[in-house]
Amino acid sequence: MKIVKWFVLFISIALILGACSSNSDSNSDPDSSGEVTEHGESVPEVRIFSSLPEANQVNYEAAKMIETEWEALGVSVDNRPTEFNTLVSIIYGDDHDYDAYTIGWGGRVDRIDPDMFIHSIFHSSNAGPGGNNTTGFMNDEYDVLADAQREEMDPAARQSLVHQAQEILAVEAPLLTLYSRLLVHAYNNERFTNMTIMAGEGMYNEWTPVRAEPLTDDKMLRIGSQFDLDTVNPVGANSTYEWRNMRLIYDKLVRLNPEIEVEPAAAESWDVVDDNTVDVKIRPGMLFHDGVPVTAEDVKFTYDYFIDWEIAYFMSFLEVIESVELMDEDTVRFNLKRPYAPLINVTFAQIPIIPKHIWENIVEEEGLAHPDEYLNEEAIGSGPFKLEQWRRGEELRTSTNRDFYEDIKIDGFIYRIYAQPEAVMTALETGDIDMNAEQFIPAHIQRAEEVSHLNVLEAGDIGYQYLSFNMRKPPFDDFAFRQAIAHTIDYDLILDAHLQGYGLAGGAGLVISPQNEFWFNANVDRPQFDPEKARQILSEAGYTWDDEGKLRFPLQ
């Protein structure tokens, strides 16, 4: 009987303690005046996938700054520096298993046109797995503008639509641009001349290997990078680093020259029949790298193939195509669903022409579920350079396509992988490479200028590095939370301390660079770094802080 009493007593104490414990985690706390504040659920821990320091020191440091600011705001953060290709696979994955991430959009020359940064990245139709709207931004008003700007053929009217879209992005803040960089590169002036630097691209653009002139008998251009490639399959690639190499192996209908003008490439000419119809005449005499002629049928096959297999990386630029017709043995007709202003300078400048005789039955022959699974180790294209060898993590080696229609002076190029920027810098100093693929980190710029065999060139960037969110789930699905977070990023500190002034400060929804003057909206008012303002916005939206300083959602 005595034992029973103690048992009852124990149960009672346990219930009391449990109740006390429940109270400490309850939805109410007294403040300093003794008044009780009702709380909602705790804001969950946020996982930020960021860069490894050896891949992108600035993004790595920025993520640590963000972690500090968000922790001070009462948000727990799990900051995970991640290898680049792994990061890409996470944010493009089927299950969208992330909260926030830092990464960048390269300023490839075709992105001078605003369609990529306005439509492909933010239109709701591109929010599925593999699509470029990785943040999951859904806004009907925005979609209308994003669609209208690509159909508007009058430049001034289109500019107005692009400006309105930027105003929405600044307010909605689906991503926060952290900074854009000044693109500073160097090349070995004892081995090569006539190197090309381009706004948005830097020196490793599609013209430098084509126009470079060797000064010695060794005519192989050696390019150093700290970014490995994940594939040489043009159907499966989804990073700028992969495409910078593949666009030299695969030809396109047109290319944008260093003056940002459209030049014929595989297309000898084109004729805009009407707003919805464009005829393209194929350049005669072209050969794939295995000696098979490039035909108009290969061009039709390529576009049909990318559309039929819904290659998400490009679908934003292809969905407007109703059909592709063979008009004769040299001419292809593109029938559009509606007018599309960027067809020639964006779509034609991006889609790689793939050989029908290789890709037509590849899925069945290889037992694949999708052609993006194909290893494509031989990568037969019709571009200015032939793939000779790709060794993952080491180098990609090419030779010059002597049947190409440009007079190329070099014998080929080698894209060599290094572990970190310091190793690339050392390779430039010792002469092991001839140029750097990615722009210098600030600490290396003056160092390069002091090396007599290096010429240093610089250009502005139209790409940007950014912090993006997963708007499909809390807390980033909440408009007020994102507005508050936009005030927690010290954009000027990133520029001054980590870029040493070599670039431009970022801002909420700043996706069109000030370098891209015609399309940039200079009148957008963007949130500034102000942690107290962030607290004010959250408080006004009903968020509270518990007695441990942790942020709580508004009560439902």
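Basis of the calculations
- Residues numbered from 1 in each chain as written.
- Predicted model: local features only at pLDDT ≥ 70, side-chain atom pairs only at ≥ 80, totals over all residues.
- Heavy atoms only, no water.
- Helix = DSSP H or I, 4+ residues; strand = E, 2+ residues; numbered from the N terminus.
- Rg over C-alpha atoms; globule rule 2.2 N^0.38 Å.
- Buried < 20%, exposed > 50% of the residue type's maximum accessible area, 1.4 Å probe, protein only.
- Areas by Shrake-Rupley, 256 points an atom, 1.4 Å probe, with all protein chains shown as cover.
- Lys, Arg positive; Asp, Glu negative; His and termini not counted.
- Charge placed at Lys NZ, Arg CZ, Asp CG, Glu CD.
- pLDDT = per-residue confidence, 0-100.
- Contact = heavy atoms within 4.5 Å.
- Core = buried A, V, L, I, M, F, W, Y, C linked by side-chain atoms within 4.5 Å.
- Pairing = 2+ DSSP bridges.

Visitor: Even after reading the chapter, I still don't get the overall build of the chain, so can you show me in this structure?
Guide: Assigned secondary structure in the chain consists of 18 helices and 25 strands. For the chain, whose C-alpha radius of gyration is 27 Å, the value lies close to the compact-globule estimate of 24 Å for 556 residues. Looking at the chain as a whole, 56% of its 556 residues qualify as buried. Total accessible area computed for the chain in this model is approximately 22700 Å², and 48% of it derives from carbon and sulfur atoms. Charge centroids of the chain, computed over 41 positive and 97 negative side chains, lie 3 Å from each other.

Visitor: Would you take a moment to explain the confidence of the model for the chain for this structure?
Guide: Detailed reading of the predicted coordinates is not advisable wherever pLDDT is low. Of all residues in the chain, 94% attain a pLDDT of 70 or more, and the chain-wide mean is 92. Low confidence marks residues 1–26, where pLDDT is under 50. Its contacts with residues over four positions away, or in another chain, come to 2 contacts.

Visitor: Got a minute to help me understand the nonpolar core in this structure?
Guide: Proteins that are soluble and globular tend to have nonpolar side chains buried together. Membership of the largest hydrophobic core comes to 115 residues, with the highest contact counts inside it found for Leu253, Tyr303, Phe334, Phe348 and Tyr415. If you tally residues by element for this core, the top one is helix H9 (residues 296–308), at 6 residues. Once residues within four sequence positions are removed from consideration, Leu253 is found in contact with Pro264, Ala265, Ala266, Ala267, Val280, Ile282, Val299, Tyr303, Phe334, Phe348 and Ile353. One finds Val43, Ala62, Ile494 and Ala508 within the second-largest nonpolar core, a separate group that totals 35 residues.

Visitor: I would appreciate a short explanation of the pairing of strand S13 (residues 267–274) in the present structure.
Guide: Side-chain direction in a regular strand flips from residue to residue, so the side chains alternate between the two faces of the sheet. Note: S13 against strand S14 (residues 277–282), 6 bridges, orientation antiparallel. Following the sheet pairing, Ala267 is matched in S14 by Ile282. As consecutive antiparallel partners, S13 and S14 are separated by 2 residues.

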